[in-house]
Every structure is written in structure tokens, then in C-alpha cells.
Amino acid sequence: MKAYQLLLFLLFSQAAWAQTTIRGTVQDQRGETIPGVNIFVKGTYVGTSSELNGSYVLVFEELGDFVLVFQALGFRTQEIPVQQRQEPLEISITLKEAINEMTAVTITAGALEASDEKRAVVLRPLDIVTVPAAMGDIIGAFQTLPGTATVGNDGRLFVRGGDASETAIFIDGLQVGNAFGTTASNVPTRTRFNPNLFKGSFFSTGGYSAEFGNALSSALSLNSVDMPLRSQGDISIMGIGGGINQTLVGTNNSLNAGANYTNLGPYQNMVRQNFDWEQAPASWDAEILGRQKLGSNTLLKAYARTERGSMKIWQAQPGIPQERGILLGVDNRYSFAQVSAKHTGKKDWSMYGGMSFSTNSDFLTVDQLSIRNTNRVFHAKGVAIKEFSDRFSLKSGLEHFRFEYREALPDEGLERSFEDQQLALFSEADLYLSNRLIFRTGLRAGYSALASQTWVDPRVSFAYKFEHEGQLSLAAGKYSQMPVEEIRVNQPTLQNTEAIHYILNYFLTKNGRTIRAESFYKNYDGLVTYEGRRFAYQAIQQQGAGFARGFDLFFRDQQTFENTDYWVTYSFVDSKRQFSTFQSQVQPGFAPKHSLAVVIKHFIPALKSQVGTSWSMNDGYTYTDPNLPGEMNSKTRGFQDLSLSWSYLPKPHLIIHLACSNVQGRDNIFGYNFSPTPNEAGQFDQLPIRQTAPRFLFLGIFITLSKDKSANQLNNL
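Residues numbered from 1 in each chain as written. Predicted model: local features only at pLDDT ≥ 70, side-chain atom pairs only at ≥ 80, totals over all residues. Heavy atoms only, no water.

A. Geometry of the overall build of the protein chain. Across its full length, the protein chain holds 5 helices and 41 strands. Expressed as lengths along the three principal axes of its C-alpha atoms, the size of the protein chain is roughly 135 × 60 × 45 Å. By residue count, 49% of the 717 residues in the protein chain fall in the buried class. Looking at the protein chain alone, contacts between residues at least 24 apart form 59% of all its contacts between residues at least 6 apart. Here the protein chain displays about 33200 Å² of accessible surface, and carbon together with sulfur accounts for 57% of that area. Taking the 65 positively charged and 67 negatively charged side chains of the protein chain as two groups, their mean positions are separated by 4 Å. (Helix = DSSP H or I, 4+ residues; strand = E, 2+ residues; numbered from the N terminus. Buried < 20%, exposed > 50% of the residue type's maximum accessible area, 1.4 Å probe, protein only. Contact = heavy atoms within 4.5 Å. Areas by Shrake-Rupley, 256 points an atom, 1.4 Å probe, with all protein chains shown as cover. Lys, Arg positive; Asp, Glu negative; His and termini not counted. Charge placed at Lys NZ, Arg CZ, Asp CG, Glu CD.)

See below:
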């Protein structure tokens, strides 16, 4: 018995001698203790957690040399090698904060992002195609967002006092030339591209990344869908035409191919028009988008589109009421193609880039005069990103642009043209000091062979996130852009126009609600002034200057009312500039001071329907009345548009969409055309510039054919 007791004593004594005890405390970089830290011996099940005061005690049998691991959510994991025991062990450490992409602060100054992949966004891709006033046009949806202005007789994107030509559009990072369809004077246009192709978009109203150039006011970057969810066929039957699209999805590749035809002739025969059409707008288009995965880290995309559109319209002349006026004809032919790739490499390297080419040809007739314009844009780009750590990354890129423009009067044998080769380099660094504070600095340099000009545009921004999840962003930078082609062809040595942006932004998205407030100041220099009319520019100079200042407010609520999503936008823009034929700084006709937009969408489950309304208004457009002294001496009455929509899903694969713009039939005026000479009474006759029609009514039936009977045309967004 004594021998047995002695054996037990020796065994327990040996066990006690073989135990290792580690004590300590865990704290963060601010000296605050961290509870709940997972502390364990690497490669074993031996571990414990820190207490509320950050202390811990870990007791285990001796293992020899080992590695002690400290792991906690929101902090970088830390491993500490420990040599054979030196009792007692005390290890107290300070954990460093980890940067979490999903919760860390992001720079939101100037940014209006639509994405399903990020948190700090104002819209989802689905929102874009369901805004009632948008009628399926991407730009129509963005015109309900802060900083933009609705210019109903143009249709393009006007941002914070800037002309539509000051907005550059990119697809998968590559510039698109002539992104809007060619149209006649005072007839609104639309973007050429199908919104269903894009999974997200980044729209910046200023202060944007050094990656984007050739844009004085804003940049719109559209990202195509990487890989569709399924194979399906889509048929669109609309009151103004129809389309068909087929999607094939394999394990590592996919293919979309589609074609559309529209003709407003039958519609215009039924609905009263304000314009005197000789030939209603008609167009067709075809496009194809292919994707191929190369291994697990590389995705290759190829996209091509071609289209043709035409119209003829009589434009009445002021003071000549008995005649139909001047016959304008437009025949537009357009093609765009691009190849892009992105690759995630080893050692935290990633790369993307590609090439794009667009060619646009306009065959215009103005009464008896024929004009032919051809504009081609080639863009090649390569970007490399190195993540040196979760706190610091560097993005650098090289771009080459080739701009070619040709303008001809075939009947008179006259032609002029220019070609410009441009090279651009950019580099941009992101530095996270914590999850709450980020700095970004960037530099973009360019060279134009035609203008013999080199320029350097520095840009900087930072953002700080508060405890309540709101964040403050500040951005500033210089932006350069060559004058538009039809002026540049008259004087090819014209230099860059320039703008300096200053933006202060507050952004909060929480509990289904989003608040965004932003103030801005933009200073213009080197704006082009001239004498004469379009295509007959004289005395071209770059002495123009100006400014735009103001603020935007945006509020979105998806929480308060069940099945209801609404947002309210208000923008104030005080803008003056000397440009075009103006002799002094004036408020541009495309920059109303006050703009307000309200969008409401409500889903009714019992009716399988979504109903929506959008209301847009502004305080009117300035114009010059030659019967009064001065420039931009008059203003139209305020613009208003109330649009309604109803989307009915009787079956998951069938969508019936009905929408009507300007349901009140308000007679919106965008300005006036004046006679070139006064009448017998010494007055210049005038004609108002109106909408093409009091209302536009859209009816579409969208059918999806797929093995998945729940699939429809919106599922891939």
C-alpha cells in the first residue's frame, strides 16, 4: 500500500513539475484592455480567452518550445515564439488594429456609387433600371441624384455647372467615345448601352481618382457583370420596338448576344408631338459580350456593339410662322469594341487593363447643306496594384489615347481633320492609419503630341469615420481636358482647359437609411470662347474662366415604411463662366440654381407589383433675350416632371412595365430661339424650345426563357 501511495505521489509531482503557466494582459494601441481575445498554443487545442480586464491565465502541460497565438476580431493576429519555460511566464502584448474592407472608412467625397459589393453606396444596380423617370436609361437614373441637372432638350449628363462634354464615361475602366447617340438640335438623346450589362457603377461629381482623366467635371465608370447567374433567353416587346437577348453560361465562360430595333413612327402617329417630324427616330443595334476565366485568378472579357440610327425633323424658324422651317437630317453609325482583363497574382499583386475602340460617323443635312463628321477614339490601359500590407497599397497605370476627328462638306469638297496621340501616367497611394482614417494621394501626368503640351494633375483626399458610423471626407485636385473636337479641328494647337475641385462630404448609411451632404467649389480656367455659329467658329481663344459652388443633400430611406424605398435630393449650384460666345461670366443655361428630385418605389405583394413615382423640378434655365440688354438676362419658368411607373410580375419570368413621364402634361420650356434680325417693330421674334411631346408613354413586356422558372431580366443585376 505504501508503495502504491509513493507511486501516485511521484506521478502527481512529475505532472506538477511539467506544467507551464502563462499570465498576462492584452491591450490595444490606445492602451485599452481587450476582452475575449482567443489565446492558444499553435498546433494544439490548448487555449483560453482574455477576461473583461484583458487579463488571462493559460496552464498546460509542458510542450517544449512553442508558439503562442493571440487572435481577436478587428485586430491583426499576433504570434509569439516562446522558448522552453522560464517560470513564471508573463506575456502581455499590444494588438494592432486590422483593416477590414467591409467596415473600414472609404472616401466618399464626390462619389455616388451603385454596387452590390460595397457598403458605402447610394444605389444598387437594380435601382438604376427601376427609377420611373429613367425609362431604362442609366443617365435618367443618375439625373435624380445630387449634383446633376435635368436638361430636357439635351438628355446628357450635366454636373455641377459643367457642360455635358465635361463628363467622361468608362466601361470596365476603358474610355468610351461618343457614349450618347447623335441627335438633332434640342432633341434629347440617350446613352447607347444596355443597363442590364452592368453590375455596378461609380459616378463621381468631382474630386475623383487620378486613374481618370480627360474629364473636367465628372467621371462615370460602368462595370460589366463578371459572370451571369444562368443561361437564359430574354425577349423584349415594347411599344416602340423590340429586342432579343441570349445568355449562355458554362463552367468557365459565358456569352451574351442581343439585338434591338426601335421605331418611334407608329407611336408618334398616335400621341401628339410638339415637333414636326419628317421621319421619326428609328434605330437598330447588336451587341455581344463574352467572358472567359483563365485559371482561378484571371478573367478575360470582350465586348462589341454596333448600331445605326436616323431621323429627320423640321425646325421652325422664329418670325416665319407660315413655313415648316429648316429640315434637319441625322444618320448616325456607331461601333464600339473592347477587350479587358483582370488578374489577381501572387504576393498581393493584382493587375487589370485592356483596349477599347469607338468609331462614330454622322451624316448630317441642314436644309441643302450636307455635313459629315467622323470621330474615333482608341484607348489602351494597364494598371498594377501592390498591397504592401492591409494598410498601404499603391496603384499605378499607363494609358495611351488616340483621338481622330474628321469634318467634311462633301458637296463643296471641303474637309479638315486632326489626330492627337496622348500618353498618360498615374499613380495613387492609399494609406489606412486605422479603420477610421484613410489618406489618398495621387498624381496624373499627361502629354499631347498635337498640342505639344505636358501637364501634371495632383489630387489628394482623406476620410475619417466617427463612432456613430458617419464619415467625413475631403478631396481636392486638378483636372484637365482638351476642348471638344469640333472646335479643336479649327485650331489644333488649343491647350487643355483646367478645373480645380474642392469637396467636403459627410456620409452615413445605417439601419436602412442613407444621409449624404456635400459642399463643393470648382474653379475653371482656359475655357474656350469664340465668335460665329456652330461649324463656323472664328476668333477662338482660351481666355474664358469661371466657377461653380454650392452644396447637395441626399436622403434615402428603405426602413421606415414596409416595402417602400424612397430618396430625396436637393442641389444648389451657383455657377458663372465665360465660355462660348459670351463676353462676360454668365450663369450657363444648363446650370439651374435649385434642383429637387423625389423618387418613391413601393412593392405590393398581393398585386405582385411595384409602383413608383419620381418628381423632378428646378428653378428654370437662363437664356439671352436680344430684346433686352446684357447676356443671360432672362430665365424660363421652373421645370417640373412627375413620372409614374407600374411593374407587374404575374409570373417570375414575366415582367410587364408601364411608365409615363410628365403625367401632368406640363409645358416645360428650356429656352428660346430668336430670329437673327429684328422685325419691322424692332423686336427679335422668338420660339420656345419645348419637350418633344407633352408626355412619353412606355409599355414593355419582358419575357425570360430558362430552366430556372424564377429567372427574369433583373436577376443578373
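B. Highlighting unusual backbone geometry. Phi at Asn178 takes a positive value of approximately 50 degrees, unusual for a residue other than glycine. Using a relative accessible area of 25% as the deciding quantity, one classes Asn178 as partly exposed. The backbone of Ser452 shows a phi angle near 50 degrees, a positive value even though the residue is not glycine. Mapped onto the secondary structure, Ser452 falls in the loop between β26 (437-448) and β27 (453-465). Residue classification places Ser452 among the exposed residues on the basis of a relative accessible area of 57%.

C. Just the confidence of the model for the protein chain, in detail. Taken as a whole, the protein chain shows an average pLDDT of 89; of its residues, 93% reach a score of 70 or greater. Long-range and interchain partners of residues 6-17, a stretch whose pLDDT sits below 50, account for 2 contacts in this model, where long-range means more than four residues apart. (pLDDT = per-residue confidence, 0-100.)

D. A look at the pattern of salt bridges. This structure, assessed with the given rule, holds 40 salt bridges. Of the charged contacts, one joins Arg513 and Asp557 as a salt bridge, the two residues approaching to 3.6 Å between their closest N and O atoms. Placement of the pair is Arg513 in strand β30 (residues 513-531) and Asp557 in strand β31 (residues 538-557), with a sequence separation of 44 residues. Given the relative accessible area of 32%, Arg513 is considered partly exposed. (Salt bridge = Lys/Arg side-chain N within 4 Å of Asp/Glu carboxyl O.)

E. Structural detail: the sheet that holds strand β2 (residues 38-41). Pairing within the open sheet is antiparallel, and its 4 strands lie in the order β3-β2-β5-β6. Only two strands of the sheet have a single neighbouring strand rather than two, namely β3 (47-49) and β6 (78-82). For this sheet, the mean inter-axis angle between neighbouring strands, taken without regard to orientation, is 15 degrees. When β2 meets strand β5 (residues 66-71), the two strands line up antiparallel, connected through 4 bridges. Opposite Phe40, over in β5, you have Val69 as the bridge partner. (Pairing = 2+ DSSP bridges. Axes fitted to C-alpha atoms, helices over the stretch in contact; angles between N-to-C directions.)

F. Representation of the pairing of strand β28 (residues 471-481) within the structure. With 8 of 11 residues buried, β28 is to be regarded as a mostly interior element. Hairpin connection from β27 to β28: 5 residues lie between these consecutive antiparallel strands, with Glu469 at a positive phi of about 85 degrees. Here 11 bridges tie β28 to strand β29 (residues 497-510), and the two strands are oriented antiparallel to one another. What sits directly across from Ser480, in β29, is Glu498.

G. View of the packing of aromatic side chains. Going through the model one piece at a time under the given rule, you end up with 28 aromatic pairs. Between Phe193 and Tyr303 the ring centres are 6.4 Å apart and the planes differ by 55 degrees, which places this aromatic pair in the tilted class. Of the two residues, Phe193 is situated in the loop between β13 (174-175) and β14 (198-204) and Tyr303 in strand β20 (residues 298-315); the sequence distance between them amounts to 110 residues. Taken together through their ring pairs, the aromatic side chains of Phe158, Phe579, Phe582 and Phe590 make up a single cluster. Over the face of the ring belonging to Phe388 we find Lys386, whose NZ or CZ atom lies 5.8 Å from the ring centre. Over the ring of Tyr524 we find Arg577; its NZ or CZ atom is 4.2 Å from the centre of that ring. (Phe/Tyr/Trp six-rings, centres within 6.5 Å; stacked < 30°, edge-to-face > 60°. Lys NZ or Arg CZ within 6 Å of the ring centre and 35° of its normal.)

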